[in-house]
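A closer look at the structure
Next come the chains, spelled out residue by residue.
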Amino acid sequence: MKKVSVGLLGFGTVGTGVVRLLTKDKERLEERTGCQIQLEKILVRNKNRARKVLIDNRKLTTDVYEILDNPTINVIIELIGGVDQAYRYILRALKNKKNVITANKDLMASYGEELLLEARANQCDLYYEASVAGGIPILRTLTDSLASDRINKMIGIVNGTTNYILSKMSSEGLSYEKALSSAQRLGFAESDPTSDVEGLDAARKMVILSHLAYSIPVKLADVSIKGITDVTREDIQFAKKLGYTIKLVGVSEVSNGAIDIRVEPTLLPDLHPLASVENENNAIYVHSEALGQTMYYGAGAGEGPTAVSVVSDLISVARNIALHVTGNHIFIPKKELHSRKDSLVESQFFIRMHMKDEPGSFSKLTDLFREQRISLGKLYQEPIPGSDVAEVAIITHITNKVLFENSFAMLKKLDVVVNAKYFRVERG
């Protein structure tokens, strides 16, 4: 039986899950791969720290080069996170002709193409299923199951932290601050949640998804990003009254040789499958020409789900090692798509505003939209008790993005408008 020797970089939450699976399911993994999978060394900061799984202390090391330069180790699993250090370690591992598995979305979004080229040059595998949606096998689905289809759009809830926050704001009426505090208390949000709540984490995942779905090189700079820090429970409540749910979604769409990638708080119709994805769960809704619309749902993070994805990648690598075909699966796209110009983007929009509750206010509003040729689909008005201001919520029909933004700037200058904000509306 072929021996596959593994070096693990990182023994945190996910690393613990990986060790647990490799220990508990050793015989089943051998049956599935035809290989003897041996965990050789684990990189740790402190060898004497108490662990949640039993492990031979002789397998632990604080010297990464005991793993990267060990000629008997042929698979590296990188779970240390960060970018610069992980990049150096993975690059060295590939140059040493070691296969690599990583869960590092930041790294793959920034240096994925370079590392894939290095892997192919050294006939090594580089798998990264766990980098996007935890336990959801979305990357394998895009590259294998949907390989014969043509994907033209993806809508994803790919960040569990923000989905948990918005879910609590919606279901329990919590403020953003209280929902964030709850997420931090339960371990769904970091003490510094900036990457999550400002949309950066989701944007990096959409880069990876777009690269695989469309076979094009995509950079973070190609993504339009807006976080959830300005979303209020009042925004959510008024969206509900119009039949919508607010989610932070990533949208990636290609048409006529151009790509539009964005991450932003978006209104989804209540009947849209993604509208029912709650708490820390993730889901990706895929539009393809032959198969139509499909959705992939599950836990987007955590020890168990992420470890399952990592070990699934290890199974693929082990099989490739046994068949002597490592590196053959790597495809480097040559085709380029240009970013779609805003003048060609069309969408519906949700406007929420405070407007003076006085005669003639609405006529000024409707006159503006009529002059700008923007049709209104839904409208809700509610007076604010004890005030001369009314709450107004509007859903437009489909309109040009540039036209809408220019019109919105004009709307904010009307003397009857006290304040206003808007969100994009996703039709489906």
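Residues numbered from 1 in each chain as written. Predicted model: local features only at pLDDT ≥ 70, side-chain atom pairs only at ≥ 80, totals over all residues. Heavy atoms only, no water.

1. Focus: the environment of Ile 384
Structurally, Ile 384 can be placed in the loop between strand E15 (376-383) and strand E16 (389-396). As for Ile 384 and Asp 357, which are separated by 27 residues in sequence, their C-alpha atoms are 9.1 Å apart. With sequence-adjacent residues up to four places away left out, Ile 384 is seen in contact with His 354, Val 389, Ala 390 and Glu 391. (Helix = DSSP H or I, 4+ residues; strand = E, 2+ residues; numbered from the N terminus. Contact = heavy atoms within 4.5 Å.)

2. Topic: the state of the cysteines
Inspection of the entire model under this criterion finds 0 disulfides. Cys 35 takes part in no disulfide bond, and the closest cysteine sulfur to it belongs to Cys 124, at a distance of 16 Å. For Cys 35, a relative accessible area of 0% corresponds to the buried category. On the basis of relative accessible area, Cys 124 is assigned to the buried category, the value being 1%. (Disulfide = S-S within 2.5 Å. Buried < 20%, exposed > 50% of the residue type's maximum accessible area, 1.4 Å probe, protein only.)

3. A look at helix H2 (residues 26-33)
Considered for burial, the residues of H2 that qualify are Leu 29, Glu 30 and Thr 33. Taken end-on, H2 shows its buried residues confined to a sector of 100°, consistent with a single buried face. Away from the buried face of H2 by more than 90 degrees, exposed residues Glu 27 and Glu 31 are located. On the buried face of H2, the contacting elements are helix H1 (13-24), strand E2 (35-43) and helix H13 (303-323). Gly 34 lies just past H2 and shows a positive phi near 75°. (Arc of directions from axis to C-beta.)

4. Some points on the packing of helix H4 (residues 84-95) against helix H5 (residues 105-121)
Packing of H4 against H5 leaves a shortest axis separation of 10 Å and a crossing angle of 10°. When the interaxial angle is binned, H4 and H5 end up roughly parallel. Two packed elements cross with a definite hand, and for H4 against H5 that hand is right-handed. Where H4 abuts H5, its residues Ala 86, Tyr 87, Ile 90, Leu 91, Leu 94 and Lys 95 lie against Leu 107, Tyr 111, Glu 114, Leu 115, Glu 118 and Ala 119. Class assignment for the residues of the contact of H4 with H5 results in 9 nonpolar, no polar and 3 charged. (Axes fitted to C-alpha atoms, helices over the stretch in contact; angles between N-to-C directions. Parallel < 35°, antiparallel > 145°, perpendicular 65-115°, else oblique. Left-handed = near helix turned anticlockwise from the far one by under 90°. Nonpolar A, V, L, I, M, F, W, Y, C, P; charged D, E, K, R; others polar.)

5. With respect to the UniProt feature "binding site: NADPH" (unreviewed entry) in the chain
As recorded in UniProt, the sites labelled "binding site: NADPH" (unreviewed entry) are Lys 105. Its place among the elements puts Lys 105 in helix H5. Owing to a relative accessible area of 23%, Lys 105 belongs among the partly exposed residues under this scheme. Among all residues touching Lys 105, those that are not within four sequence positions of it are Ser 131, Asp 201, Arg 204, Lys 205 and Ile 208. (UniProt positions renumbered as here; feature names shortened; annotations may be inferred.)

6. Topic: the packing of aromatic side chains
Under the defined criterion, the tally for this structure stands at 9 aromatic pairs. When the centroid spacing of 5.8 Å and the interplanar angle of 70° are considered together, the rings of Phe 238 and Tyr 380 count as edge-to-face. A residue pair is termed long-range when its members are at least 10 positions apart, and Phe 238 in helix H12 (residues 233-241) and Tyr 380 in strand E15 qualify at 142 residues. Here Phe 238 falls in the buried class, since its relative accessible area comes to 5%. Residue class for Tyr 380 comes out partly exposed when judged on its relative accessible area of 24%. Aromatic side chains Phe 408 and Tyr 422 sit 4.9 Å apart centroid to centroid with 70° between the ring planes, which places their arrangement in the edge-to-face category. With a gap of 14 residues between them, Phe 408 in helix H15 (residues 401-412) and Tyr 422 in strand E18 (residues 417-425) connect regions that are remote in the sequence. (Phe/Tyr/Trp six-rings, centres within 6.5 Å; stacked < 30°, edge-to-face > 60°.)

7. Notes on the pairing of E2
Here 8 bridges tie strand E1 (residues 2-9) to E2, and the two strands are oriented parallel to one another. By the bridge assignment for E2, Val 6 is matched with Leu 39. When E2 meets strand E3 (residues 60-61), the two strands line up parallel, connected through 2 bridges. Among the inter-strand pairings, Ile 42 is bridged to a residue of E3, identified as Leu 60. (Pairing = 2+ DSSP bridges.)

8. Digging into the UniProt feature "binding site: L-homoserine" (unreviewed entry) in the chain
The UniProt record marks Glu 190 with the feature "binding site: L-homoserine" (unreviewed entry), using the residue numbering of this structure. Within the fold, Glu 190 resides in the loop between helix H9 (176-185) and helix H10 (194-197). Given a relative accessible area of 55%, Glu 190 falls into the exposed group.

9. Looking at helix H11 (residues 200-214)
In a regular helix each residue adds 1.5 Å, so 15 residues correspond to 21 Å; H11 covers 21 Å between its end C-alpha atoms and thus fits that length. In terms of burial, H11 is largely enclosed, as 14 of its 15 residues are buried. One or two positions beyond H11, positive phi appears at Ser 215, with a value near 55°. (Expected span 1.5 Å × (residues − 1).)

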